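This is what each chain is made of:
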Amino acid sequence: MHLFNLSFRYKIPLWGGMLILLSVLAVSAALMLKAYEDLKEDLRISAEGLGGILTQTLFAPLLHDDVWRAFELVNATFHGGRTQNPIQPEMIFVVSPVGHVTVSTAPAELPMLADLHTLGGDYAELVRRLDEPLAGRFLRFEPDLAGRVFFAFPIQQESARVGTLVLAYSKDVFLPRFRGLALHGILVGSLVLAVLLPLNWYWGQRMARPLVDLARRMGQAVHGGRQDPPRETYAYRDELGQLFQAYDDMLVEMREKALLEKELLQTERLTAIGRLAAGIAHEVNNPLGGMLMSLDTLRERGGLPDHAGKTLGLLERGLKQIQETVAALLVQTRDQRRTLTGQDLEDVRTLIHPQVLKKSQVLDWQTELPNGLDLPAAACRQILINLLLNAVQATAEGDRIQVLLEPHLGGLRLRVSNQAPPIPPEYMEHLFEPFVSGREGGHGLGLWVTYQMVRQLGGRIDATCNGGEVRFEVWLPRGEEKP
Amino acid sequence: MNAKPATLTQPQDVSVSTPGRRDFLRGLSAAALGLLPAPLLARPAKHTIRIGFTPAFVHDQHALLADWRVYMEKRLGLKVEIVQRDSYRETMDLLRLKQMDFAWVCDYPFLHLKDLVRLMAVPLYKGQPLYRSYIIVPVGNQKATGLKDLKQTVFAYADPLSNTGYLYPRFAIHKMGDKPQDYFRKTFFTWSHKKVVEAVAMGFAQGGAVDSYIWETLDRIHPELTQRTRIIQRSPEYGFPPFVGHRELDPELFGQVQNFLLTMHRDPEGAALLKRINLDGFVRGDIHLYDGVAEMMRVFDEH
């Protein structure tokens, strides 16, 4: 059913509202029923009281056939006028033992001496019931729901019965009083509803909002959409709060896992590319050495025509360029035995200084090299130079370049940061791949070589781009292969 | 605590305007034995007079009666007690038992009592000491034109000792050749002319006989009641219910009270009271005023 598929935002207030409505209706109905029963009971008590008094006082006048006295007695009940009081009878009359009207307060409807048997309708039925032996102290006769209620009391003393007193109550006067009660009930009920329904709506919304929010987020998370952290944290530690906490934890874990996977993928890719490049470089390098040696031998032997000499030179230069490129691809760090010292760092600073000066940049140099790190000097120098050159080229004239070198996590942290326009994300992803260059004229091997070196040293390199600052951070573990 | 009301310490001041059943019984037995002296002579407070008012007028105007009593005391210099009874019979008994000095009675009982009481004054109604009987029906009954149309109905009489409320209608039926006791399907007494009007107005009785003076006075003060009735027959005029005094009364006292009544209309306060009771004044009257009633009584062998 559609109703059950509704959002909690509507379902909770709707169900709550229905429950409140049902409760109010049920309570109102119960109260009205009680009021109706009370009205009936009031009527019985009143009729019994009045009947008791009248039957006692009526006995003597009826016995003496003093009908006027009897009439005055029953008529006194009305105090001169019929009011809307429902407890007051509409009509009182006395029936003789043979079923004739002796006295009646409504002579127009029930004239004196009229025979009830011949009047028909309720009266015929009433007089028939009067002939039956009486079960209690009085007879209650209600011919139909809408008309009158009759209470009949025998007028007798010591089994001498002179007639029957009948009190007729109209239900027409019942209705306005009952209607008044009902109206009152409806008013109070509406007031209660007016207070409870908005409260219920507010409470339902409050309950549903976090749930709805959570559901939306989870849907987004599952479908790989935005995974922003919950906008407002649910402050309470109930089950919902726990759910939120679990969701937050799960989201963090998922994000970390995804990041890790991405890194792993990148690392694997770079490693694969590195292996491929190294393999090709190696395969190319071997015959290249032979070819260069042959060329050399050929030139030393001499006797070659001029143009052949020129060609040989051409070949030699071409092969040498191939060799340089291949050598750049073949990153070798482990066979370098010298340990990095403070002098190496000063060398790098000296080497890079002209470049920095040329672009009027400011070099902020903070280095602290701890002892006993045992890192290979050549590789480290290469890494630092590569990063610095990269920074100098990326940085505009007059801007600042920062170099930080410090011990970190048992190894060495090396950070080069500079002011630069942000690196586009699509470029960021392939930053450390060969032949990927961010500027015109670059061969795109600088960062690649740096990456390979860092990896070979068992370290890690990260590039971050935050606002106007680009930062490369390298961490190298303590060297272990000192002979 | 000691300051009891003075009236309680003076027996002659105690109001006995409504003597209880015991007094009545005592008086009855005393009269039967003829042992006790006449109350009028025995009563130490001889300046207290008792006047009986009967349903001959609209006797539930209690405020009017109270004012009447105060006025009488002032004019006569006597203590006045007003005794009210619901039937002529009781008033007559009280007169017989000498429990009452004066009474305003109906002309019919007056004739019954003519050996016991003296005619003192006859009220003037519309300038004449006369009134009549009205036969009335509920206003819803537009067909009836007289008693002849009320055969086999429920009929309300005022009092068995009332002329206009009992004697006249029975006489009229008798004159039509019917027997009054069988003429109606049912009859009852209301013991008051006003209640006859009420019984007919409410439709409790289909017809009734009432004093013309009462009906017209009611018409003035309770028109909503009389408007629900319709007069279908008017009797000839009879002598108005008179004020009577006991024959054994001190003639001086009799004359004093008679004079008070006959001159009442000249005094502004008295005239105002008369206006309230819807009368013009009193005249000395004559026994022959009541010859018409006596004639009717003879028909029923009562005179």
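Since this is a predicted model, take the numbers as computed values, not measurements.

### Focus: the sheet that holds strand 8 (residues 411-419) of chain A
Residues and elements named next belong to chain A.
Part 1 of the reasoning: Overall, mixed pairing links the five strands, which are arranged 6-7-8-10-9 in an open sheet. For this open sheet the edge positions go to strand 6 (362-367) and strand 9 (460-466), each flanked by a neighbour on one side alone. For this sheet the average axis-to-axis angle between neighbouring strands, irrespective of direction, equals 10°.
Part 2 of the reasoning: Pairing between strand 6 and strand 7 (residues 400-408): six bridges, direction parallel. Paired with Asp364 across the strands is Gln402, a residue of strand 7.

### Description of the pattern of salt bridges
Part 1 of the reasoning: Overall, the coordinates contain 38 salt bridges over all chains when judged by the stated rule.
Part 2 of the reasoning: A salt bridge links Arg415 of chain A to Glu473 of chain A; the nearest nitrogen and oxygen atoms lie 3.0 Å apart. Residue Arg415 of chain A is found in strand 8, and its partner Glu473 of chain A is found in strand 10 (residues 469-476); the two are separated by 58 residues along the sequence.
Part 3 of the reasoning: For Arg50 of chain B, the salt bridge identified is with Glu81 of chain B, shortest N-O distance 3.2 Å. Here Arg50 of chain B is found in strand 1 (residues 48-53), whereas its partner Glu81 of chain B is found in strand 2 (residues 79-84), with 31 residues between them in sequence. Summarising the burial analysis for this pair, Arg50 of chain B and Glu81 of chain B share the class buried.
Part 4 of the reasoning: Among the ionic contacts, a cluster of salt bridges with common partners joins Glu41, Arg44, Glu48 and Arg137 of chain A.

### Looking at the environment of Leu25 of chain A
Part 1 of the reasoning: By the secondary structure assignment, Leu25 of chain A is in helix 2 (residues 8-63).
Part 2 of the reasoning: For the pair Leu25 of chain A and Gly185 of chain A, spaced 160 residues apart in sequence, the C-alpha to C-alpha distance is 9.7 Å.

### Section: helix 12 (residues 446-456) of chain A
Given 3.6 residues per turn, any residue in an α-helix points the same way as the ones three and four places further on.
All names here are of chain A.
Part 1 of the reasoning: Counting buried positions along helix 12 gives eight out of eleven residues, so the element sits mostly inside the fold.
Part 2 of the reasoning: Buried residues of helix 12: Leu447, Trp448, Val449, Thr450, Tyr451, Gln452, Met453 and Val454, and no others.
Part 3 of the reasoning: Structurally, helix 12 contributes buried residues whose contacts are with helix 7 (239-301), helix 8 (306-329), helix 10 (377-394), strand 9 and strand 10.
Part 4 of the reasoning: At the C-terminal side of helix 12, Gly458 shows a positive phi close to 80°.

### Let's talk about the confidence of the model for chain B
Part 1 of the reasoning: Across chain B, the average pLDDT comes to 83, with 83% of residues at 70 or higher.
Part 2 of the reasoning: Confidence drops under a pLDDT of 50 for residues 1-45 of chain B, and excluding neighbours within four residues, the segment shows 37 contacts in the predicted structure.

Criteria and thresholds
- Residues numbered from 1 in each chain as written.
- Chains lettered and ligands numbered in written order.
- Predicted model: local features only at pLDDT ≥ 70, side-chain atom pairs only at ≥ 80, totals over all residues.
- Heavy atoms only, no water.
- Pairing = 2+ DSSP bridges.
- Helix = DSSP H or I, 4+ residues; strand = E, 2+ residues; numbered from the N terminus.
- Axes fitted to C-alpha atoms, helices over the stretch in contact; angles between N-to-C directions.
- Salt bridge = Lys/Arg side-chain N within 4 Å of Asp/Glu carboxyl O.
- Buried < 20%, exposed > 50% of the residue type's maximum accessible area, 1.4 Å probe, protein only.
- Contact = heavy atoms within 4.5 Å.
- pLDDT = per-residue confidence, 0-100.

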